[in-house]
Amino acid sequence: DHYAVGDSVFFTWTNGTDSTLVATYHPPYEIYDAKTGRLVFAGILPWEYYLGPHEVAHLNWDQLDNHFQQVPPGAYRVHIGFVFYEDLPDPPWYAVDDWFRILGTASVSEARASISETTWGRIKRAHR
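No experiment lies behind these values; they were computed from the predicted model shown. (Residues numbered from 1 in each chain as written. Predicted model: local features only at pLDDT ≥ 70, side-chain atom pairs only at ≥ 80, totals over all residues. Heavy atoms only, no water.)

### Focus on the nonpolar core
Then, number 1: In terms of nonpolar packing, the biggest core is built from 24 residues, with Phe11, Trp13, Tyr29, Ile31, Leu59, Trp61 and Phe100 touching the most fellow members.
Then, number 2: Counting only elements with at least two residues in this core, the list comes to strand E2 (9–14), strand E3 (21–24), strand E5 (39–42), strand E6 (48–51), strand E7 (56–61), strand E8 (74–84) and strand E9 (94–103).
Then, number 3: Considering every element that reaches this core, the biggest residue donor is E8, with five residues. (Core = buried A, V, L, I, M, F, W, Y, C linked by side-chain atoms within 4.5 Å. Buried < 20%, exposed > 50% of the residue type's maximum accessible area, 1.4 Å probe, protein only. Helix = DSSP H or I, 4+ residues; strand = E, 2+ residues; numbered from the N terminus.)

### Focus on the pattern of salt bridges
Then, number 1: For the coordinates displayed, the defined rule picks out one salt bridge.
Then, number 2: The partner of arginine 77 in a salt bridge is aspartate 97, with the nearest N and O atoms 2.9 Å apart. Here arginine 77 is found in strand E8, whereas its partner aspartate 97 is found in strand E9, with 20 residues between them in sequence. (Salt bridge = Lys/Arg side-chain N within 4 Å of Asp/Glu carboxyl O.)

### A short note on the packing of aromatic side chains
Then, number 1: For the coordinates displayed, the defined rule picks out ten aromatic pairs.
Then, number 2: Ring geometry for tyrosine 76 versus phenylalanine 100: centroids 6.1 Å apart, planes at 25 degrees, classification stacked. Pair noted here: tyrosine 76 is in strand E8 and phenylalanine 100 is in strand E9, with a separation of 24 residues, a long-range link.
Then, number 3: Phenylalanine 100 gets classed as buried once you look at its relative accessible area, which sits at 6%.
Then, number 4: One aromatic cluster is present, formed by Tyr3, Phe11, Tyr29, Phe41, Trp61, Tyr76 and Phe100 through successive ring pairs.
Then, number 5: The ring of tyrosine 32 carries the charged tip of arginine 77 above its face, separated from the ring centre by 4.4 Å. (Phe/Tyr/Trp six-rings, centres within 6.5 Å; stacked < 30°, edge-to-face > 60°. Lys NZ or Arg CZ within 6 Å of the ring centre and 35° of its normal.)

### Observations concerning the environment of tryptophan 13
Then, number 1: Structurally, the position occupied by tryptophan 13 is in strand E2.
Then, number 2: In this structure tryptophan 13 comes out as buried when scored by relative accessible area, which is 3%.
Then, number 3: Along the backbone, tryptophan 13 and isoleucine 80 are 67 residues apart, and their C-alpha atoms lie at a distance of 8.8 Å.
Then, number 4: In this view, tryptophan 13 contacts Leu21, Ala23, Pro28, Tyr49, Leu51, Glu55, Val56, Ala57, Leu59, Ile80 and Phe82; residues no more than four positions away in its chain are not counted. (Contact = heavy atoms within 4.5 Å.)

### Re the pairing of E2
Then, number 1: A large share of E2 lies buried, amounting to five of its six residues.
Then, number 2: Across six bridges, the pairing between E2 and E7 is antiparallel. Bridge pairing links phenylalanine 10 to asparagine 60 in E7. (Pairing = 2+ DSSP bridges.)

### As for the side chain of glutamate 30
Then, number 1: Residue placement: glutamate 30 occurs in strand E4 (residues 30–33).
Then, number 2: Notably, glutamate 30 is buried but unbridged: the nearest opposite-charge side chain belongs to arginine 77, and the N-O separation is 6.9 Å.
Then, number 3: A polar contact of 2.7 Å, which involves the side chain of glutamate 30, links it to the side chain of tyrosine 32.
Then, number 4: If near-sequence neighbours (up to four positions away) are discounted, glutamate 30 is found in contact with Tyr25, Leu39, Phe41, Ala42, Arg77, Val78 and His79. (Lys, Arg positive; Asp, Glu negative; His and termini not counted. Polar contact = N/O pair within 3.5 Å; in protein donor to acceptor, adjacent residues only side chain to side chain.)

### Structural notes on the pairing of E9
Then, number 1: Direction of pairing for strand E1 (residues 2–4) relative to E9: parallel, over a ladder of three bridges. Counted as the bridge partner of alanine 4 is leucine 103 from E9.
Then, number 2: In this sheet, E9 lies alongside E8 in antiparallel orientation, the contact comprising nine bridges. Looking at the pairing, valine 78 lines up with aspartate 98 of E9.

What is shown is where atoms sit, not what they do.
If you want it as structure tokens, here you go:
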């Protein structure tokens, strides 16, 4: 939930279904400034990223924006957009969002940074 400036930010993306998930980009996430909503980082390679049934992807971000500059301390949102791999002309699109903070030097906690995990099962339960 909290990271020091310059630390790698870690995400765990779990597919808790019996279907393959497909996300665009590699890495398959975008980072937004939570205060302004401005996109600060997006995967730049237009590849498809496949996450098989019950697989886990360990993703990380180096806190650099798309211009290779360190982002300032503040609140950020990670966004992973994906579809279930289906042979449909226009398959439905889903998204997982999570929030975290990059702390300035004076406010860095001595506690170890935590890693949040979101599964498709949790998303379905939350939106019933």
